[in-house]
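Spelled out, the chains give:
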Amino acid sequence: TMVLSSFAWRGLALAVLVKVCLSVSNRCLPGDDCFPTNLEVIKFMETLDGTLHFPHMASYDTLVVQRETIYTKFPFAIMEAKNINDVQKSVLFARKWNMLVSVKTSGHDFIGRSTAHGSLMIYLGSMNDTKVNLSSTRNPAGEITCESGNTWLKVYNEVDKINRVIIGGSAHTVSMAGYTLGGGHSPMSRMFGMAVDNLLELELVTADGRIVVANDQMTHITYPNGSVTTSDDTDIFWASKGGGGGTFGIATKFTYKLHYPAPQVVQFVCGYPIIRPGANGNWGSIVLAMNHYGNYVSASRRYMDDLFFFHKEWQSFCYYVNRTTFLDYEVTAKDPEFYSGYIMNTLLQKESFTDDLTRFLLKELETEHTNISSFAFTGTLLGGEMMNVGAHDTSVHPGFRTALMSLSATIGWDTSTLDYSGLPERGAVVGEQLSTFGDGQYPNEAGKDVVHWQQEFWGSNYKRLLAIKHQWDPDNFFTCRECVGSESHHTHASGHLNTHPFVPAVG
Ligand SMILES: Cc1cc2nc3c(=O)[nH]c(=O)nc-3n(C[C@H](O)[C@H](O)[C@H](O)COP(=O)(O)OP(=O)(O)OC[C@H]3O[C@@H](n4cnc5c(N)ncnc54)[C@H](O)[C@@H]3O)c2cc1C
């Protein structure tokens, strides 16, 4: 109910913001003369298999909320796609009327890239078919093709039934789309690499409505007029392997490698309380959570034992659990449905682990940012198999290939807190300091104020990504904050992106 009550307030804000947007954007927004008439919208709606949700409908209220609630915005309409044809028709319709498009699958994006005021939102959360092929010629353990709207837990359940595992995220409600297109790390990445290293093929709708099937051998294009071409150009596949969501096209299907599972999964968790002088009770805790993918009694158990016995007198708890399978472990993972906060990230290499880093982490953990906020660091272990992929083989930041940890930090506050002023600014400062310790940042878990985001998110891969963006979407039809090509836009105070001045207004 708190989310709903904050809504009424945001509705008011919307009215003000849209007015501002109209005067500066050169996309056609509701209220502009060039915007399609109701009749045109109804005619478009009748061509769809999916559903158009408008602001007066209860279904719109449900779909519009971003998981990161502070970024909830109000699209003109939400097109809930049933199939790829719906996606293609929506792109062509929005293109014809020079509308702003937003692309959402789960709405988890930490900086609100999946929504925009006044946009036609293309929502893929209801497309969730899957197809397994165990006689794949591309991968001995088989492959699975998933429509974008699948969540990881659903897919983990399906592949567990056939005794396989797949590289996916740890959260249950995150979708494959934004996760994979941004790189994707998993609790099993040290064993099997990143999601993009496991991607065999994808299907997407491009900015001019082409349907593309791409893999590391070819790109097959079906044009809106039905003509087809196949080439050995692999640019769009490479760009999709880390270049970020909402940028190169709307992905409708992903095909991934499957893997044979480890014989056993042992989970190991220890907690150490942080005691702060003068604080009432415990200030917080440091939690070590690791998975061992192997038998319980094995050489690697020794390393877990080192941690198990590390300062036993300081521990508040420490245990091993036999989770048996990856699915058995995954079902214990919990993620909040909605949250509010400011996130920041850095990719740490071996040489990043210095005393300075330790001092910085301690200082931030001991700081009381405000009495309405919490502060947390989350380090995900990387390395292993991820390091066996070349810096330019995929488009993720080359720093991923040398990193041992993706370290994220969050200043969080309760979703019902309306006055969180000062906290994002504080986050931006801490984020800037954090970024100096590593090489690169993970765009899916980084802050909204990264100054040199091109370099920080993609490093030496940015140049090629930008060239591919210019080739496949020269008008920046798909655009979002801190996304490849978005430097050619002006962002005004409301956070609404305007296209660069070369796009002609259709009206
Ligand atoms: C609780 C939680 C746990 C997480 N755990 C992990 C983890 O273990 N590993 C990890 O790597 N990351 C993790 N993440 C980060 C996650 O990868 C990002 O939040 C990611 O952006 C989510 O993608 P989405 O499609 O679910 O979200 P959305 O908000 O729907 O989309 C994210 C971005 O992708 C674009 N997009 C969405 N759908 C499509 C599509 N079909 N085609 C093209 N672009 C699209 C959007 O426009 C937006 O730019 C986690 C996030 C949360 C909130």
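Residues numbered from 1 in each chain as written. Predicted model: local features only at pLDDT ≥ 70, side-chain atom pairs only at ≥ 80, totals over all residues.

The name an unreviewed UniProt entry assigns to the protein chain is FAD-binding PCMH-type domain-containing protein, from the organism Magallana gigas. In UniProt, the protein chain has this text filed under Cofactor (unreviewed entry): "FAD". Per UniProt, the protein chain carries the Sequence similarities (unreviewed entry) text "Belongs to the oxygen-dependent FAD-linked oxidoreductase family." (UniProt positions renumbered as here; feature names shortened; annotations may be inferred.)

Participant: Any details on the site of the ligand? Residues and values, ideally.
Facilitator: For the ligand, the set of nearby residues contains 32 residues, the closest of which are Arg-113, Ala-171, Gly-178, Gly-245 and Gly-246. Among the secondary structure elements, those contributing two or more residues to the shell around the ligand are strand S3 (101-104), helix H6 (176-181) and strand S11 (250-257). By residue number, the principal contributor to the shell around the ligand is H6, which donates four residues. Residues belonging to the shell around the ligand are distributed by class as follows: eleven nonpolar, 16 polar and five charged. Looking at the shell around the ligand, you find at least three residues from each of domain 1 (2-126) and domain 2 (130-257). (Near = placed C-beta within 6 Å. Helix = DSSP H or I, 4+ residues; strand = E, 2+ residues; numbered from the N terminus. Nonpolar A, V, L, I, M, F, W, Y, C, P; charged D, E, K, R; others polar. Domains from an automatic or database assignment.)

Participant: Talk me through the sheet that holds strand S17 (residues 403-413); I want residue IDs and the actual numbers.
Facilitator: The strand order across the open sheet formed by three strands is S15-S17-S16, and the pairing between neighbours is antiparallel. Edge positions in the open sheet fall to strand S15 (340-349) and strand S16 (373-381), since each of these has one partner strand only. Strand after strand, the sheet turns through a mean of 15 degrees between neighbouring axes, direction not considered. Seen against the sheet, helix H12 (residues 423-435) touches S15, S16 and S17 and runs at an angle of roughly 5 degrees to S15. (Pairing = 2+ DSSP bridges. Axes fitted to C-alpha atoms, helices over the stretch in contact; angles between N-to-C directions. Contact = placed C-beta atoms within 7 Å.)

Participant: So what's going on with the sheet that holds strand S13 (residues 284-293)? Residues and values would help.
Facilitator: One open sheet holds the three strands; their spatial order is S13-S12-S14, and the pairing between them is antiparallel. Of all the strands in the sheet, just S13 and strand S14 (317-322) have a single pairing partner and so form its edges. Going from strand to strand, the sheet's axes swing by 10 degrees on average, the running direction of each strand aside. Each of strand S12 (265-274), S13 and S14 is contacted by helix H9 (residues 301-308), which is oriented at about 20 degrees to S12, the strand it contacts most.

Participant: A description of the UniProt feature "domain: FAD-binding PCMH-type" (unreviewed entry) in the protein chain should follow, citing residues and the corresponding values.
Facilitator: When the UniProt feature table is mapped onto this chain numbering, "domain: FAD-binding PCMH-type" (unreviewed entry) sits at residues 71-261. From the first C-alpha to the last, residues 71-261 spans 38 Å; its make-up is 20% helix and 26% strand.

Participant: Please set out the domain arrangement of the protein chain residue by residue, giving values where relevant.
Facilitator: By convention, interface size is frequently given as the accessible area that disappears when the constituent parts associate. Taken domain by domain, the protein chain consists of domain 1 (2-126), domain 2 (130-257), domain 3 (265-323) and domain 4 (339-454). Computed over C-alpha atoms only, the centres of domain 1 and domain 2 are separated by 25 Å. Tallying the contact residues gives 17 residues for domain 1 and 17 residues for domain 2. In terms of residue count, helix H4 (residues 84-96) provides more of the side of domain 1 that touches domain 2 than any other element does, six residues in total. Tallied by class, the residues present in the side of domain 1 that touches domain 2 amount to seven nonpolar, seven polar and three charged.

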